[in-house]
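# Structural overview for review
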Amino acid sequence: MGLQQYWKKRDFNITSEPRGQVGSSGEQLLFFIQKHHARNLHYDFRLELEGTLKSWAVPKGPSLDPADKRLAVEVEDHPIAYGRFEGDIPTGQYGAGHVMLWDKGSWEPIGDPVKGYKNGSLKFYLHGHKLQGKWALVRMKGAAAGKDNKANWLLIKEQDSESRSGKDAHITETAAGSVSAIPDTNTHAPNPNPSTHSPAKTTTKNAKTSTRIAMPATFQPQLATLATHVPAGEHWLAELKYDGYRALTRIENGSVNMFTRQGHNWSAKWPALVKALAALPADSAWLDGEVAAIGPDGHVSFQLLQNAMRLGHDAKLVYFVFDLMYLDGHDLTQLPLSDRKELLRTLLGNQDAQSPVHFSDDISGHTEEVFRQACVHGQEGVVVKDAQSPYVQQRSADWLKIKCGMRQEFVVAGYTDPAGSRDLFGALLIGTYDEEGHLRYAGRVGTGFNGDSLKMIAANFPKLGASKPAFANPPSGRDAIGVHWLKPVLVAEVKFAQWTSGGLARHASFVGLRDDKPAKLIRQEIAEKPAQTASAPPSISASPASSKAGPLRQAASTGSHIAGIKLSNAAKILYAEDGYTKRDVARHYVDVADWILPYLQDRPLSIVRCPDGYDKTCFFQKHVSKDNHRHVQAIQLDPANKAAEYFVANQLPAIIELVQLGVLELHTWGSRYPVTALADRLIFDLDPGPGLAWEKVTEAALLLRGLLEEVDLQCFVKTTGGKGLHVEVPIKAEYPWDVIKAFAHGVADYLEAQIPDRFTASISKKKREGRIFIDYLRNSSGATAIAPYSTRARAGAPVATPLAWEEVGAGIQADTFNITNISERLSGLANDPWKHYLGSKQQLTPNIIKLFSKS
């Protein structure tokens, strides 16, 4: 193929990418995988063949599960020198964005690789730091050729001893960091007996400055300082902040003990971790890390960890090790962190892929991007460390923790009676200790609980009951009604929107109980500004908001950065009557992020943009423009019109990017990418004629519900923020749009025929007078409906809001909820009204379709 296309696409006077040339790398064929944060995150898979790197873009990255056939889009050949490239491709250049070397090694073809490549079937062995074993690349038959006549392939892990299934196959989650610092080695010939060599003996050049001393009996953990934002500079290393329990491990002559940050020996609680640590090739060592639980989706879950610890539930526990303080007679604490981590990487390097002990990867420099990506993927935050710093047994500014949201521990000192359908208790009363040792009241937390956590917490109440409050400033008056006091023993992890000027945690949500921190040590965490910073990255404030700000303006960030996205002209008023600004709209989406994102996931969007406010010029947009998006993802749905790309907003920063463009409405398709040809919901828009009483709209919704339930279809209702209600029916994605539209039309016609004075299925305005128009037209390809929790471009900034059917009536109207009161509603809910919507598996059977057929 040559490199002509590669050279043509790049200006090497601007980009730092190597120009390279055609040529062999040596005796072995090399492979490289680069994690590429371009317009869309993907992994570049590269195999050396005939003097260049054959290259494929793999959107979801490799999987160790043979059942996961990952799309691999072939791109132009790259020079072999490109394989070790890491850095930033400048804006305006092809593939602009950050490139990280995710894996490297050698590969062995099975059969003739040139012939296999030509025929579209490559089979091979990988010998990498993360990927090993047998793999295959298979060109898809009949697949449409892309740019440069390249084709779509499938990257497949073949079944062998290195293959995995389920959560163990998520290699891009469990091994996320760079391998650029790992020396190139002959991976064809691994040490057949790794336990016979200790890293202290095989890498003594890294420990020349370490002192040989006796094994310390105890160790205190180095603690990180909470910071307002990530510092910049190549000397900073960024690691994920794992949502678990800190654990220091002492290994001596095969005996392993794991200690909490307070020095409690919890080895008996983690037998699988102890067993794995005992197999490490070290006679004596002190390790530092975090014990976390990995959920079925491959993400860290504190709730799963708590359930495993307190309730004995099964969970996949992993020990992420990020530091090494002592090894085989050597005190390593005075070595630079970068050297300690290199020794640690070697110590853990021969772990089996099934091992629960993992090296905690880091990335040097690019701290702002690492932080942004951590927040995008729902992580707690990052810890940023000075690569040249020693290990100190105290809190230090050499280690900084930056959180994606407000979150910390609180002392539980009371609870309220349950209300509605909630059992056991309603909310917890929480606080923190001040410097004088007084427990200060910090508000209530009434959301975030499930059945297990309610029982687990309430089981402590009988033995902790108290006759008077432990708070120095307890709530009084109406706030004290129905309160039961507790001794201040329990410690709860809580996430919240912000500190109010009165020192209360606003919009608090329960995360879990902690056993590793005593209540007396819990203080309000105040973020500090890092002393060393080369630029002004996104601001993450942890201080109480100014008392002069209005309710919406008391945001976690009073600056122009929201969820890591810079808002230009953040104070621009978009709702003139109420003075609501672009920042207010952005903060609304921060508040409802956990509620709205499941309904946006992978759904193509159309948007309503009102750059100068809802009452000025607004326009509807359904294709991606040339605006600079980093998180809004472009998708191609119409092969015949490749210039027109639709888009999805799967993460909070993507929504904020749209707000930055003046977007006031988010409308979603009734299907999910990539299966957009099959509907997974029915939607009926009940649109009242002019002057029709709201009572008629609610009656229509209840009549429609009754009809659907007669044919065993569960339906859900939401206010639109406009004039009417939406009734939605989640279904399995089995039918094309023409079938779904015909069915919805049949339902509308049936209601019109049965109650013609109430309903019409005609779009004619004349026929809609005094009636409810059942808009079935939203059930067609490309049609959209307002997303739950989206704002509307209407006076008062209303919000489309899911309701329980019991709420449908005169008390709640189409525009009752808005950006000023939606958070209060959500925090006061005992149950999510649409709790069963996303998990619904109901089928639209042929018999049901036939009932409303016109034939």
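Residues numbered from 1 in each chain as written. Predicted model: local features only at pLDDT ≥ 70, side-chain atom pairs only at ≥ 80, totals over all residues. Heavy atoms only, no water.

The chain goes by DNA ligase (ATP) in an unreviewed UniProt entry, where it is assigned to Methylophilus flavus. According to the UniProt record, the Cofactor (unreviewed entry) comment for the chain is "Mn(2+)". Word for word, the UniProt comment on the chain under Catalytic activity (unreviewed entry) is "ATP + (deoxyribonucleotide)n-3'-hydroxyl + 5'-phospho-(deoxyribonucleotide)m = (deoxyribonucleotide)n+m + AMP + diphosphate." (UniProt positions renumbered as here; feature names shortened; annotations may be inferred.)

## Things to note about the sheet that holds strand β11 (residues 223–226)
With mixed pairing, the five strands of this open sheet are ordered in space as β11-β21-β20-β12-β19. On the outer flanks of this sheet lie β11 and β19 (363–364), each paired with one strand and no other. Bridging between β11 and strand β21 (residues 395–403) involves four bridges; their strand directions are parallel. Among the inter-strand pairings, T225 is bridged to a residue of β21, identified as L400. The strands touched by helix α7 (residues 337–348) are β12 (236–240), β20 (381–386) and β21; relative to β12, the strand with the most contacts, the crossing angle is about 45°. (Pairing = 2+ DSSP bridges. Helix = DSSP H or I, 4+ residues; strand = E, 2+ residues; numbered from the N terminus. Contact = heavy atoms within 4.5 Å. Axes fitted to C-alpha atoms, helices over the stretch in contact; angles between N-to-C directions.)

## Overview of the packing of aromatic side chains
Enumeration according to the criterion identifies 38 aromatic pairs in this entry. Geometrically, the ring pair formed by F410 and W499 is tilted, given 5.7 Å between the ring centres and 50° between the ring planes. You can see F410 sitting in strand β22 (residues 406–416) and its partner W499 sitting in strand β28 (residues 498–499), a full 89 residues away along the chain. Taking the centre distance of 5.6 Å and the plane angle of 75° together, the rings of Y599 and Y837 count as edge-to-face. Remark: Y837 occurs in the loop between α17 (822–828) and α18 (846–851) and Y599 occurs in helix α12 (residues 593–600); sequence separation between them is 238 residues. Both residues of the pair, Y599 and Y837, belong to the buried class. Through a chain of ring-to-ring contacts, three or more aromatic side chains come together here, namely F45, W56, W107, Y117, F124 and W153. The ring of W7 is capped by R19, whose NZ or CZ atom sits 4.3 Å from the centre of that ring. Here K269 stacks its cationic end above the ring of W266, 5.0 Å away from the centre of that ring. (Phe/Tyr/Trp six-rings, centres within 6.5 Å; stacked < 30°, edge-to-face > 60°. Buried < 20%, exposed > 50% of the residue type's maximum accessible area, 1.4 Å probe, protein only. Lys NZ or Arg CZ within 6 Å of the ring centre and 35° of its normal.)

## Describing helix α14 (residues 694–710)
For α14, with 17 residues, the first-to-last C-alpha span of 25 Å sits near the 24 Å given by 1.5 Å per residue. Regarding α14, the residues found buried are W694, V697, T698, A700, A701, L704, L707 and L708. Each element contacted by the buried residues of α14 is listed here: β40 (681–688), β42 (725–730), α15 (737–754), β43 (759–760) and β44 (772–775). Within two residues after α14, D712 carries a phi angle of roughly 65°, on the positive side. (Expected span 1.5 Å × (residues − 1).)

## Re unusual backbone geometry
Following Y673, the chain continues to P674 via a peptide bond in cis, the omega torsion being 10°. On the secondary structure map, P674 appears in the loop between β39 (663–669) and β40. Of note in the backbone geometry, E50 takes a positive phi value of approximately 55° without being a glycine. Take E50: it is sitting in the loop between β2 (41–49) and β3 (52–58). Unlike most non-glycine residues, A797 shows phi in positive territory, near 55°.

## Looking at the pairing of strand β9 (residues 152–157)
In terms of residue burial, β9 counts as a mostly covered element, since five of its six residues are buried. The pairing of strand β4 (residues 70–78) with β9 spans four bridges and is antiparallel. Its bridge partner lying in β9, R70 is registered against L155. The sheet contact formed by strand β8 (residues 132–139) and β9 spans five bridges and is antiparallel. Bridging from a neighbouring strand, A136 pairs with I156 of β9.

## Topic: the environment of I822
By the element assignment, I822 lies in helix α17. Separated by 231 residues in sequence, I822 and D591 have C-alpha atoms that sit 8.9 Å apart. Look past the residues within four positions of I822 in its chain and what remains in contact with it is H588, V592, Y789, V799, T801 and F817.

## Quick look at the side chain of H358
Note that H358 resides in strand β18 (residues 357–359). Within polar-contact distance, the side chain of H358 engages the backbone oxygen of S355 at 3.3 Å. With residues near it in sequence (within four places) discarded, H358 still touches T174, V318, Y319, F320, V321 and L348. (Polar contact = N/O pair within 3.5 Å; in protein donor to acceptor, adjacent residues only side chain to side chain.)

## Comments concerning the sheet that holds β39
The strand order across the open sheet built from four strands is β36-β35-β39-β45, with neighbouring strands paired in antiparallel fashion. Here the strands that pair on one side only, and so sit at the sheet edges, are β36 (619–621) and β45 (784–786). Averaged over all pairs of adjacent strands, the angle between their axes in this sheet comes to 30°, without regard to strand direction. On the sheet, helix α13 (residues 652–660) packs against β35 (605–609) and β39 and is oriented at approximately 130° with respect to β39.

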